[in-house]
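What follows is the residue order along each chain.
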2 protein chains.
Amino acid sequence: MKKSLPETVTLDEFDIRILRILRDEARIAVQDLSERIGLSPTPVARRIRNLEASGIITGYAAMIDEAALGYSVTVFVSVKLDRQVDQALADFENAIRDCPEVVDCWLMTGNRDYLLRVVTDGLAGFEEFLTGRLTRLPAVSSIESSIPLRRVKAGISRQP
Amino acid sequence: MKKSLPETVTLDEFDIRILRILRDEARIAVQDLSERIGLSPTPVARRIRNLEASGIITGYAAMIDEAALGYSVTVFVSVKLDRQVDQALADFENAIRDCPEVVDCWLMTGNRDYLLRVVTDGLAGFEEFLTGRLTRLPAVSSIESSIPLRRVKAGISRQP
DNA sequence: TGTGAAAGCGTTGCCTC
DNA sequence: GAGGCAACGCTTTCACA
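As a convention, each chain's residues are numbered from 1 in the sequence order in which they are written. Chains carry letters from A onward and ligands carry numbers from 1 onward, assigned in written order. Where local features are concerned, this predicted model is filtered to residues with pLDDT of at least 70; where side-chain atom pairs are given and counted, the filter is 80 or more; whole-chain, interface and lining totals use all residues. No hydrogens and no water enter the side-chain calculation; it runs on all heavy atoms of the structure.

Residues and elements named next belong to chain B. Each helix is a run of DSSP H or I of at least 4 residues and each strand a run of E of at least 2, with the numbering of both proceeding from the N terminus. One fewer than the residue count of a helix, multiplied by 1.5 Å, yields its expected span. Taking 1.5 Å of rise per residue, the 13 residues of helix α3 (residues 41–53) would be expected to cover 18 Å, and the 18 Å separating its terminal C-alpha atoms lies within 8% of that figure. Of all the residues in α3, the buried ones are V44, R47, I48 and L51. Looking straight down α3, one finds its buried side chains confined to an arc of 100 degrees; they lie on one side. Set apart from the buried face of α3 by more than 90 degrees, the exposed residues are R49, N50 and A53. Two residues qualify as a contact provided that any one of their heavy atoms is within 4.5 Å of a heavy atom in the partner residue. Buried positions along α3 lie against α1 (13–24), α2 (30–37) and β1 (57–64). Looking at the residues trailing α3, positive phi occurs at G55, about 85 degrees. Each residue gets one of three labels from its accessible area relative to the maximum for its type: buried under 20%, exposed over 50%, partly exposed in between, using a 1.4 Å probe on protein chains only. Throughout, the arc means the angular range of directions from the helix axis out to the C-beta atoms.

Spelled out as structure tokens, the structure:
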């Protein structure tokens, strides 16, 4: 039932604990990590390498305070395309992947519209993105923006 | 000792390049990083420590493939509260922070509703979260769920 | 910011269970 | 099969220029 995944890796308690710690402190030393979970460094390093090789750990990211960098505006944008053929979707997605302003993008069910999280250095920058880039993409028919007041919980991935 | 507000830190080209690299490869060795940006390891380590201390780097996260862990379902949930006094918001937010299913949560402008990204190990798990936890929170008046087909772009933060 | 020495850490081969 | 130990080599750190 639960083996539809490409990787049928089985994770034991140690793997789960490693993931749990690495999820929050990705730059921790293997040695410190091994002390915390009660194993010696050797198997911990092996387990981390296996988790990386099997695709369970897909990478490590520094979490950067966007506001401190001057990116103070986050907007959620809902985009609808007027043509929903595969080519239009693919073209739109390729264009989105080239936009640094778009941090996150999901294709939604239903009317096959997209949900984007857009980050800019101000409302002027957002307007520029909207009028200068987004509305100029072919097949874009309607755009709806929602502005958040604040982020209540900031997660990267679900905790095991 | 120039410890000022996080917003007023000035970043030079080296800092930006360090952030850009750490953003994608947070576990890179300082030595490798220093070779890539053309500085010796010592100042690079110092810069990283300063970036952490000034709050520009808020942490490091391992990116974990949720599907490989069995968390195959992502749902965006829009929640509206019937009372919008501060206490109701605070209570709701505290409850949300305790839900491992809720990966990300934003308070939106307008009708002051919340946008949640919920991750579970299946639709049954989602239903359990919905009926067992979310609808039981006080002040929750309406809930709307949207299911994504796929993630087009998966970002952590805006690239500098 | 860079250099060099010292301390700390990760990696590997081998052994044990 | 997986964990642990020890030694080697690389990385980080600190004093000082």
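Another aspect to go through is the pattern of salt bridges. Side chains that differ in charge, positive against negative, can pair when their charged atoms come close. In what follows, salt bridge is the name for a side-chain nitrogen of Lys or Arg lying within 4 Å of a carboxyl oxygen of Asp or Glu. This model, assessed by the stated rule, comprises 14 salt bridges over all chains. Residues R47 of chain A and D15 of chain A are paired through a salt bridge, measuring 3.1 Å at the closest nitrogen-oxygen approach. In this pair, R47 of chain A sits in helix α3 (residues 41–53) while D15 of chain A sits in helix α1 (residues 13–24), placing the two residues 32 residues apart along the sequence. As far as the burial class goes, R47 of chain A and D15 of chain A line up, both buried. The residue E93 of chain B makes a salt bridge to R97 of chain B at a minimum N-O spacing of 3.9 Å. In this pair, E93 of chain B and R97 of chain B are both assigned in helix α4 (residues 86–97), four residues apart and thus about one turn of the helix distant. The network of salt bridges with common partners includes D12, D15 and R47 of chain A.

Here we come to the sheet that holds strand β6 (residues 148–154) of chain A. In space, the five strands of this open sheet follow the order β6(A)-β3(B)-β4(B)-β2(B)-β5(B), with antiparallel pairing throughout. Either end of the sheet is taken by a strand with one partner, and the two such strands are β6 of chain A together with β5 (140–146) of chain B. Strand-to-strand twist in this sheet, taken as the mean axis angle between neighbours without regard to direction, amounts to 20 degrees. Only when DSSP finds a minimum of two bridges between them are two strands counted as paired. With five bridges connecting them, β6 of chain A and strand β3 (residues 102–108) of chain B associate as antiparallel partners. Paired with A154 of chain A across the bridge in β3 of chain B is D104 of chain B. Axis lines are fitted through C-alpha atoms, for helices just across the contact stretch, and the angle between N-to-C directions can take any value from 0 to 180 degrees. Where α4 of chain B meets the sheet, its contacts fall on β6 of chain A together with β2 (73–81), β3, β4 (114–120) and β5 of chain B, and the angle it forms with β6 of chain A comes to roughly 35 degrees. Packing of helix α5 (residues 123–132) of chain B onto the sheet brings it into contact with β2, β3, β4 and β5 of chain B, and relative to β4 of chain B it is tilted by some 135 degrees.

What follows deals with the relation of the copies chain A and chain B. The two copies are related by a screw motion: chain A maps onto chain B through a turn of 180 degrees and a shift of 0.1 Å along the axis, at an RMSD of 0.2 Å. Taken together, these values place the two copies in the relation of a two-fold axis. When the interface residues of chain A are mapped onto chain B, 98% of them again fall at the interface, so both copies present the same face. To line up the copies, we fit them by least squares on C-alpha atoms, keeping just the residues with pLDDT of at least 70 in both.

Functional significance is not addressed by these values, which are geometric in nature.
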